[in-house]
Structure formats: C-alpha cells, structure tokens
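Okay, here's what each chain looks like letter by letter:
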Amino acid sequence: MRSMDVLVIGGGPAGVAAAAEMARSGLKVTLCEQGGALGGAIHRQPGNPARAVPVPRAQSARWHKLSALLAKTDAEVLTFHAFIGLDATGAVLVEDRRQGRLLVLRVRALVLAVGGLERVVPRPGWHLPGVVTVGGLQVMMKVTGRGPAGSVLLAGSGPLLLAVAAQMTALGAPPLAILERSRQVLSPLRAAPLLLWPRYLAEAAGYMRRLMQAGVPWRLGSSVQTIRPTDDGRLETVIVDGAGAVSRIVVDKVALHDGLRSNSDGLPPAAHATDRNPHVVLAGDCREALGGVAAIADGRNAAQQVIARLTGAPPMSSASRRIVDTERRAQQALANIFDFGIPDLLKLPDETILCRCEGRTVGALRQMLATDDQPSPREIKLNGRIGMGSCQGRFCVEWAGAMLAQQTCSAQPAGAEFIGNRWPSRPVAIRSLLGPAVADAISSIPPNESD
Amino acid sequence: MTDRSESFFWNGQRISFEPADTIAAALERAGVTDFGAGQGPCNARYFCGIGACQACVVSVGGTPAEACLTPAQAGQQVRTLKPVRQ
Ligand SMILES: Cc1cc2nc3c(=O)[nH]c(=O)nc-3n(C[C@H](O)[C@H](O)[C@H](O)COP(=O)(O)OP(=O)(O)OC[C@H]3O[C@@H](n4cnc5c(N)ncnc54)[C@H](O)[C@@H]3O)c2cc1C
Ligand code: FES
C-alpha cells in the first residue's frame with residue numbers, strides 16, 4: 001500500500017477502465033477487488049485457463065484489451081480487499097480479507113464500481129439449497145470450467161438465460177429447458193428496434209443455434225411458480241405455461257433470473273468533495289445496469305470526471321457518454337421483449353420467504369400492511385426485520401417496496417428508503433473491526449509492522 | 001486424470017479442490033449444496049456467486065466468510081456456521 005490520489009472499488013470492466021484511464025493521466029490509483037481476481041461478473045476468469053467457458057469473441061477481446069491497458073499503468077491492484085464504507089470523518093474503510101484487518105484510507109477521490117445485482121422474484125421455495133441465480137450458476141461454470149452436475153432448469157426472463165444455457169450446452173451439461181416468462185420475445189413488432197444493435201442479435205443467434213442443435217427447449221410464457229424439496233434431496237418445481245397449464249418436474253437445481261439492476265443502495269451517494277469527504281463517483285452496473293460495453297465506457301466517464309476535478313483539466317471527449325446513451329437504448333429495446341415487470345406479489349402464499357436473510361415471510365409483511373397506520377419503508381425494516389439481514393436488503397427490498405405499493409396503490413418506494421446509506425455497506429468480520437486499524441495510507445504502514 | 005492431492009475439511013469431511021477453486025466451487029463439485037444452519041433461519045447455500053447475497057457464509061477457520069469468495073486452502077477447517085438447530 002502506498003500513497004494514492006484515487007481509490008477505485010471493484011475489479012470489473014467499469015473499475016478496471018476507470019483505474020487505467022486515471023493512472024494514464026498521471027494520478028496515483030489503487031484498485032481494490034474483494035475477490036481473488038479482476039474481471040467482474042462478465043469477465044470472470046477460469047481457475048484453469050485450459051478449461052474456459054466459451055464466450056463471444058468480441059467479449060473476450062474487450063477484456064484482453066482492457067486488462068492489457070491496466071497492466072501498462074502503475075495502478076496498484078489489491079485483491080481480497082473489500083470496501084466497507086465511507087465513515088463520518090470522510091475516511092474510506094477497506095477490509096483486507098487475507099490479513100483480517102481494516103484499512104482506514106484518506107483519498108482525494110473514490111470511484112465505486114461494485115457491479116449490479118440479479119433480480120430474482122420471490123416464490124415459494126426460492127430460498128432452498130439448490131436454487132441459485134442464473135448468473136451464480138454461470139460464475140461457478142466460469143471458475144471451474146465445468147457444467148453443473150445433475151438436471152437443471154433455468155427460469156425467469158432475459159438474455160442471460162440464453163447465454164448461460166448455451167454455455168452449459170457447450171460444456172456438455174445442457175439444461176432441461178429454459179422457461180422464459182415473456183411471450184413477446186419473438187414478436188417482430190417488439191423486436192424490431194433491436195435491429196439497431198446487430199451485436200446483440202448476432203450474439204443471441206449464436207446461442208439459439210447451439211440450443212436448437214442440442215434440442216434444449218426455450219418455452220416462452222412459462223414460469224416456475226413453486227419449488228419444494230423432495231424426500232431424496234431434489235427439487236420439485238410447479239410450472240405454469242403460457243396457456244395456464246400446470247405441470248410438475250423434479251430437478252437437481254433451479255436457476256432463477258429476472259433481469260439485472262443497479263446496486264447503489266447502501267453506497268455513499270455520488271458527490272463533490274467537501275472539506276472532509278473525497279469526491280465520490282459511481283460507475284458501471286452499480287450506478288445503472290447497462291451491460292458490459294456500457295460498463296467500460298461508464299468507467300471512462302467516471303475517470304474523466306475525477307481527472308477534471310482533481311487536476312482542473314477540461315472534460316475530455318463525450319465519446320464514452322455517447323456509448324452509455326446508446327447502450328441504454330439497447331437495454332430499453334431488450335426490456336421491451338423480455339418481462340422484467342413485477343408480478344402481483346400479494347398473491348403469494350403467506351409462508352413464502354420474502355427476506356431470505358432473516359427468514360421473514362410474505363405473510364408477516366401482509367400483516368403489517370393490513371393495519372390502519374401504513375408502515376413506512378423504515379418501519380418495515382426496523383419493526384418487520386425485512387431488509388435487516390446481512391445482504392442488506394439487496395434481494396428483498398424491491399419486493400417489499402412492490403408489495404407496499406400494490407397494497408396501497410401508491411408509487412413504489414426506492415430501495416434506499418429502506419436501507420439508507422450508512423456504512424458498513426457490507427458485513428465486515430468483527431476481528432477486522434476490533435484489530436488494529438491501519439490508519440491513513442498516505443503514510444502507509446506495511447502489513448508486518450502494524451502490530 | 002486431475003490432480004486431487006489438495007483438500008480441506010468440511011465439517012471434518014475431506015473435500016478435494018483444484019487450483020483457484022473457491023470453497024463454494026469445491027463443495028459444489030463434492031455434491032454439497034446444503035451448507036447447514038446459516039446466519040438466519042434459512043440454511044446456508046450458494047445463491048448469487050458474487051458476494052452479494054450472504055447466503056453462502058460458512059465458518060472458515062473460525063471466521064464467518066462467503067464460500068463463494070473465499071479460496072479453498074489445503075488443510076483449512078471449514079464448518080457450518082452454527083450448530084445445527086433441531
Ligand atoms: C452474476 C452476473 C453474471 C453476468 N453475466 C453476464 C454475461 O454473461 N454477459 C453479459 O453481457 N453480461 C453479464 N452480466 C452483466 C455484466 O456483468 C455487467 O454488465 C458488467 O460486468 C458490469 O461491469 P461492472 O464493472 O459495472 O460490474 P462487475 O463486473 O459486476 O464488477 C464489480 C466488481 O466489484 C467487486 N466488488 C463488489 N463489491 C465490492 C466491495 N464491497 N469491495 C471490493 N470489491 C467489490 C466484485 O467482486 C466485482 O469483481 C452479469 C451480471 C451478473 C451480476
Ligand atoms: S453466494 Fe451470494 S454471497 Fe456467496
């Protein structure tokens with residue numbers, strides 16, 4: 001650790017692009033990644049390079065270019081370092097997970113590029129072991145180079161289902177089926193705007209070709225309604241198809257995905273520096289979930305903002321901003337054919353888990369909402385313990401907010417109304433908090449001399 | 001076929017792993033999907049894969065850590081977070 005101007009959090013495309021751009025301009029940059037390697041969700045690198053999951057060529061080329069760019073700079077990369085928060089004194093708290101200690105850093109700018117989240121709509125049984133997110137299943141394949149064992153059902157909505165099904169197939173482990181909730185995916189009228197983005201169409205065509213050759217069905221209008229454990233440790237799913245017909249199928253794994261979303265709840269908001277705080281800039285999917293191409297451009301945008309603020313250099317070209325705008329329109333076109341809407345959650349059975357961390361149910365929230373005094377999002381969290389758990393509401397406040405809105409026919413509250421943005425923005429090991437903090441990296445303390 | 005010389009312990013049971021495996025990846029390969037009693041009322045298990053959901057937290061050498069982020073290390077004692085509830 002050495003003195004630094006800028007701390008970048010997150011080693012995905014947005015964070016790497018931001019770090020490389022700022023380092024090239026002469027700023028002293030440190031990049032912290034909580035995992036063991038750079039790449040983020042999309043460019044997750046295989047443990048064994050000989051066993052890589054096939055990805056579109058343009059996608060791997062983007063990452064090669066980006067990581068080569070970073071390698072040419074003097075930016076410092078710290079893996080197994082997790083951002084914990086910005087404290088009241090304006091210090092950035094980072095947990096060194098290897099050493100189990102807390103770093104208290106003072107920097108001039110902080111770029112947060114911690115990535116987005118997958119949405120998974122709650123349904124009975126979505127909390128069971130063996131139920132994973134589609135992206136989580138993909139991460140596992142990318143790391144191990146192997147397809148999942150046993151029979152797998154992919155369900156939900158979005159292009160990621162196709163991509164992951166094709167990757168599973170290429171690894172010799174095709175899913176039983178893809179259940180795509182939207183019926184509109186192939187509607188020419190809805191899909192027409194996508195002709196403006198041939199890159200997405202070509203990628204999808206490649207995936208579909210592979211799936212058709214392998215005979216993997218892509219059932220439009222179908223969804224998994226309920227998941228139950230069987231006596232022999234498998235999962236029985238109840239499926240409703242586009243015509244309303246119900247069927248049951250027993251599988252080993254269910255992978256769910258209902259789109260991607262931003263992840264800024266719980267993070268300090270973007271702001272100019274004050275006499276205490278550094279400049280804070282959010283970049284990539286955590287700011288707005290727009291995909292891998294936009295994440296790189298957004299990282300560059302963030303870098304240019306920081307460079308302008310720290311060096312007084314005039315803002316540079318608007319090319320990156322235009323890429324982000326174009327990708328936003330592409331995502332809107334995709335959202336038009338897939339189904340990222342929120343179903344009527346008030347119809348879920350009472351025993352459905354809503355908050356996975358605290359095990360709070362739909363029934364518990366329904367009861368709170370049935371009282372004459374409508375609870376506020378904060379009250380739902382503090383009294384109902386929904387969104388209180390260790391994921392800090394990342395996988396439930398959207399649904400709690402939707403239930404509140406559906407019950408009261410009002411606008412859906414933002415996730416931040418439940419969560420706020422006080423640190424820690426993620427759980428931190430108590431031993432790190434209790435241990436000797438390594439203060440002020442500007443006069444940095446090498447690991448072994450700190451105690 | 002593969003070098004399976006390295007292993008850690010899951011609740012006392014030996015689990016082989018490959019270079020760069022996370023604890024979650026090695027448990028998955030060994031067919032362990034239910035990680036036992038977790039931080040809340042639901043059992044611990046792999047879900048998001050990116051360190052966001054906290055569902056996969058297990059005890060790694062006595063410290064709670066996400067199985068999906070923590071690299072497997074030879075000889076490590078990895079356990080269910082809490083004693084299994086009745
Ligand atoms: C699971 C998953 C799978 C996906 N798969 C695909 C795909 O196959 N194809 C596709 O086009 N798009 C995919 N996407 C979308 C795509 O990942 C994004 O559009 C793009 O990667 C966003 O880049 P990013 O840099 O903003 O975030 P990410 O790539 O998510 O990178 C964020 C990085 O920040 C790190 N981080 C998070 N919190 C902290 C913290 N507190 N401290 C330190 N580091 C932290 C994470 O470990 C991660 O490496 C996927 C998204 C997810 C969530
Ligand atoms: S699986 Fe979600 S944090 Fe590990």
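About the cut-offs
- Residues take numbers from 1 onward in each chain, read along the sequence in its written order.
- The lettering of chains begins at A and the numbering of ligands begins at 1, in the order of writing.
- Local features in a predicted model are, by the rule used here, given only for residues with pLDDT of at least 70; side-chain atom pairs are given and counted only at 80 or more, and totals for whole chains, interfaces and linings are based on all residues.
- Side-chain descriptors were evaluated using all non-hydrogen atoms of the structure, hydrogens and water having been removed beforehand.
- Secondary structure counts use DSSP, requiring at least four H or I residues in a row for a helix and at least two E residues in a row for a strand, with both numbered from the N terminus.
- The contact criterion used throughout is that any non-hydrogen atoms of two residues lie within 4.5 Å.
- Where accessible areas are quoted, they stem from the Shrake-Rupley method and a 1.4 Å probe; at the residue level, only the protein chains shown are allowed to cover.
- One heavy atom within 4 Å of a molecule or strand makes the whole residue count as near it.
- Any pair of nitrogen or oxygen atoms within 3.5 Å is treated as a polar contact; in protein, a donor-acceptor pairing is required on top of that, and neighbouring residues in sequence qualify only through side-chain atoms on both sides.
- Three classes are used: nonpolar for Ala, Val, Leu, Ile, Met, Phe, Trp, Tyr, Cys and Pro, charged for Asp, Glu, Lys and Arg, and polar for all others, with Gly counted as polar.
- Only buried residues count toward a nonpolar core. Its members are Ala, Val, Leu, Ile, Met, Phe, Trp, Tyr and Cys residues joined through side-chain atoms within 4.5 Å.
- For every residue, the accessible area obtained with a 1.4 Å probe (protein chains only) is divided by the maximum for its type, and the residue is called buried under 20%, exposed over 50%, and partly exposed between those limits.
- We call a pair of cysteine sulfur atoms a disulfide whenever their separation is within 2.5 Å.
- Expected span, for any helix, means 1.5 Å times one less than how many residues it has.

Caption draft 1: Summary view of the overall build of chain B. For chain B, the helix and strand inventory stands at one helix and five strands. Tracing chain B from N to C terminus, the helices and strands come up as β-β-α-β-β-β. A sequence separation of at least 24 residues applies to 42% of the contacts in chain B between residues at least 6 apart. Within the structure as shown, chain B displays about 3,700 Å² of accessible surface, and the carbon and sulfur contribution to it stands at 51%.

Caption draft 2: Spotlight on the site of ligand 1. Lining the immediate surroundings of ligand 1 are 31 residues, of which Ala-14, Glu-33, Phe-83, Gln-138 and Asp-285 of chain A lie closest. Residues close to ligand 1 are split across chains A and B. Here an oxygen atom of ligand 1 sits 2.6 Å away from a polar atom, N or O, in the side chain of Glu-33 of chain A. The fraction of the free accessible surface of ligand 1 (970 Å²) that becomes covered by protein chains is 92%. Mapped by element, the contributors of at least two residues to the shell around ligand 1 are α1 (13-24), β2 (29-33), β4 (81-86), α3 (134-144) and α7 (292-311) of chain A. Considered class by class, the residues forming the shell around ligand 1 number 14 nonpolar, 12 polar and five charged.

Caption draft 3: Spatial organisation of the nonpolar core. Grouped together as the largest cluster of nonpolar side chains are 54 residues, with contacts concentrated most on Leu-154 of chain A together with Phe-8, Trp-10 and Phe-35 of chain B. Listed by contribution, the elements that provide at least two residues to this core are α3, β10 (152-156), α4 (159-170), α6 (198-214) and α8 (319-337) of chain A together with β1 (7-10), α1 (23-29) and β3 (57-60) of chain B. Of the residues forming this core, the biggest block, seven residues, is contributed by α4 of chain A. The residues contacting Leu-154 of chain A, other than those within four sequence positions of it, are Val-134, Leu-137, Leu-161, Val-164, Ala-165, Met-168, Pro-175, Ala-177, Ile-178, Leu-179 and Ala-255 of chain A. Formed by 46 residues, the second largest nonpolar core is a distinct cluster that contains Leu-128, Ala-155, Ile-380 and Ala-400 of chain A.

Caption draft 4: Quick look at the state of the cysteines. Residue and element names in this part refer to chain A. Under the criterion given, the structure shown has zero disulfides over all chains. Take Cys-32: it sits in no disulfide, and the sulfur closest to it among the cysteines is that of Cys-286, at 14 Å. Given a relative accessible area of 1%, Cys-32 falls into the buried group. Residue class for Cys-286 comes out buried when judged on its relative accessible area of 0%.

Caption draft 5: Structural detail: helix α11 (residues 397-408) of chain A. All names here are of chain A. A rise of 1.5 Å per residue sets the reference length of α11, with its 12 residues, at 16 Å; its end C-alpha atoms lie 16 Å apart and thus fit the reference within 8%. Counting buried residues along α11, nine of its 12 residues qualify, which places the element largely inside the surrounding structure. All buried positions along α11 are accounted for by Val-397, Glu-398, Trp-399, Ala-400, Gly-401, Ala-402, Met-403, Leu-404 and Ala-405. Buried residues along α11 sit in contact with β17 (260-261), β19 (353-355), α9 (362-369), α10 (377-384) and α12 (415-419).

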